[in-house]
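# Observations on chain architecture
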Amino acid sequence: SGAVQPVEISTNVAVSTLPANGALFEVTVPYTDTLWSTRLKRFIAYRLYYSTTHWVTEIVRDKQGGSWYKIKDDKWGFVHYASPAHLRMLTAEHVAPISPDVPAHLKRLEIRLGSQTVIAYEDNTPVYMTRAATGAKFSNGDFRTPIGYFQTARKRPSRHMASGDPAAPNGYDLPGIPWVCYITESGMAFHGTYWHNDFGKPRSHGCINVSSEAARWIYRWTNPVVALEKEYAADYTGTSVDIME
């Protein structure tokens, strides 16, 4: 069955070592401010919000002996530093596939634009439903999510998404967007949404905004499967997605 409860950990445990290529972490507090340098703690880099995901590549110590997680930004290429008290390292259990015994061709997602809902089916039986916020028409362009048939061909557990001037009405700069399942080459995707909870009406730039919890469920349930240590996976026989009115 798709009705699998999410795995939760009540407290963060600071780790002392990391895998060679780093590890995926999740913010567990309302927000945490990262630093450009552990020597200059008054210079804030980014504010990272609850449920965002980030790749930590190294554990460093400041002059006072305090530990910091070095985060690699996947869009701009810079690094910044976060407090270990505010992040937890995710395990294979957190990203384990849901319903792996169900044949891939019997899984499909349905997006109903009129009701702004996403429904997951296994052999035509609905197993999961969540509210969504799909693409909308803005003053600077028409970003409405198109009707049609797609696939979750590319997936990644974390992505920094940005476009335009962040100070402009429709600009954005959003690090650590969690549980991204792309369905087009241009970047339309399911993903977790931490900057609003206005689900049930169109308001995105084309993507299918869902809660971070819902996005993780979709990420775990769909193909391709992304191994915990991987930042990205692609397979053009992904899970079918049907977008309809």
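Residues numbered from 1 in each chain as written. Predicted model: local features only at pLDDT ≥ 70, side-chain atom pairs only at ≥ 80, totals over all residues. Heavy atoms only, no water.

### A word on the confidence of the model for the chain
Summing up the model confidence of the chain, the mean pLDDT is 92 and the portion of residues at 70 or higher is 93%. Note on residues 1-10: pLDDT is under 50 here. Beyond four places in sequence and across chains, it has 22 contacts. (pLDDT = per-residue confidence, 0-100. Contact = heavy atoms within 4.5 Å.)

### Details of the pattern of salt bridges
Two side chains carrying opposite charge are able to pair once their charged atoms lie near each other. Counted by the stated rule, this structure contains eleven salt bridges. Residue Lys 70 is joined to Glu 58 by a salt bridge in which the shortest nitrogen-to-oxygen separation is 3.4 Å. In this pair, Lys 70 is assigned in strand E5 (residues 67-72) and Glu 58 in strand E4 (residues 53-61), connecting sequence segments twelve residues apart. For Arg 112, the salt bridge identified is with Glu 110, shortest N-O distance 2.6 Å. The class of Glu 110 is buried, set by a relative accessible area of 6%. Salt bridges sharing partners connect three or more residues here, namely Arg 108, Glu 110 and Arg 112. (Salt bridge = Lys/Arg side-chain N within 4 Å of Asp/Glu carboxyl O. Helix = DSSP H or I, 4+ residues; strand = E, 2+ residues; numbered from the N terminus. Buried < 20%, exposed > 50% of the residue type's maximum accessible area, 1.4 Å probe, protein only.)

### Some words on the sheet that holds strand E13 (residues 148-151)
Read from one edge of the open sheet, five strands run E10-E9-E8-E19-E13, paired in mixed fashion. Looking at strand neighbours, the two that pair on one side only are strand E10 (125-131) and E13, the edges of this open sheet. Within this sheet the neighbouring strands show an average axis-to-axis angle of 20 degrees, counted without direction. Direction of pairing for E13 relative to strand E19 (residues 240-244): antiparallel, over a ladder of four bridges. Residue pairing in the sheet places Tyr 149 in a bridge with Asp 242 of E19. (Pairing = 2+ DSSP bridges. Axes fitted to C-alpha atoms, helices over the stretch in contact; angles between N-to-C directions.)

### A closer look at the state of the cysteines
Evaluation of the coordinates by the stated rule reveals zero disulfides. Of the cysteine sulfurs around Cys 181, a residue in no disulfide, the closest is that of Cys 207, at 11 Å. Judged by its relative accessible area of 12%, Cys 207 is buried. (Disulfide = S-S within 2.5 Å.)

### Structural notes on the pairing of strand E8 (residues 107-112)
Summarising the sheet, E8 and strand E9 (residues 117-122) pair through six bridges and their orientation is antiparallel. If you follow Glu 110 over to E9, its bridge partner there is Ile 119. Between E8 and E9, which follow one another and run antiparallel, lie four residues, and Gln 116 among them has a positive phi close to 55 degrees.

### Description of the sheet that holds strand E14 (residues 154-163)
Reading across the sheet, the five strands line up as E17-E16-E15-E14-E18 and stay open at both edges, with mixed pairing between neighbours. Each of the sheet's edge strands pairs with one partner strand only, and the pair in question is strand E17 (208-210) and strand E18 (233-234). The pairing of strand E15 (residues 172-182) with strand E16 (residues 189-192) spans two bridges and is classified as antiparallel. Across the sheet, residue Cys 181 finds its bridge partner in E16, namely Phe 190. Strand contacts of helix H1 (residues 212-221): E14, E15, E16 and E17, with the helix running at about 35 degrees to E15, the strand carrying the most contacts.

### Here's the deal with the nonpolar core
Membership of the largest hydrophobic core comes to 29 residues, with the highest contact counts inside it found for Val 118, Phe 190 and Ile 208. The set of elements that each furnish at least two residues to this core consists of E8, E9, E15, E17, H1 and E19. It is H1 that contributes the most residues to this core, six residues altogether. Ignoring sequence-local partners within four residues, the contact set of Phe 190 consists of Leu 109, Ile 111, Val 118, Thr 152, Trp 179, Val 180, Cys 181, Ile 183, Ile 208, Ile 218 and Val 241. Ala 23, Phe 25, Leu 48 and Ile 71 belong to the second largest nonpolar core, which has eleven residues in total. (Core = buried A, V, L, I, M, F, W, Y, C linked by side-chain atoms within 4.5 Å.)

### A look at the packing of aromatic side chains
A full pass over the atoms with the stated rule returns ten aromatic pairs. Geometrically, the ring pair formed by Tyr 46 and Phe 78 is stacked, given 5.9 Å between the ring centres and 25 degrees between the ring planes. With Tyr 46 in strand E3 (residues 44-49) and Phe 78 in the loop between E5 and strand E6 (79-82), this pair connects stretches of sequence that are 32 residues apart. Judged by its relative accessible area of 14%, Tyr 46 is buried. Plain terms: the ring middles of Tyr 128 and Trp 217 are 4.1 Å apart, the flat faces sit at 5 degrees to each other, and that makes the pair stacked. Here Trp 217 lies in helix H1 and Tyr 128 lies in strand E10, a separation of 89 residues in the sequence. Looking at Trp 217, the relative accessible area reads 5%, which means it is buried. When the ring centre of Trp 76 is taken as origin, the NZ or CZ atom of Lys 75, which lies over that ring, is 5.1 Å away. (Phe/Tyr/Trp six-rings, centres within 6.5 Å; stacked < 30°, edge-to-face > 60°. Lys NZ or Arg CZ within 6 Å of the ring centre and 35° of its normal.)

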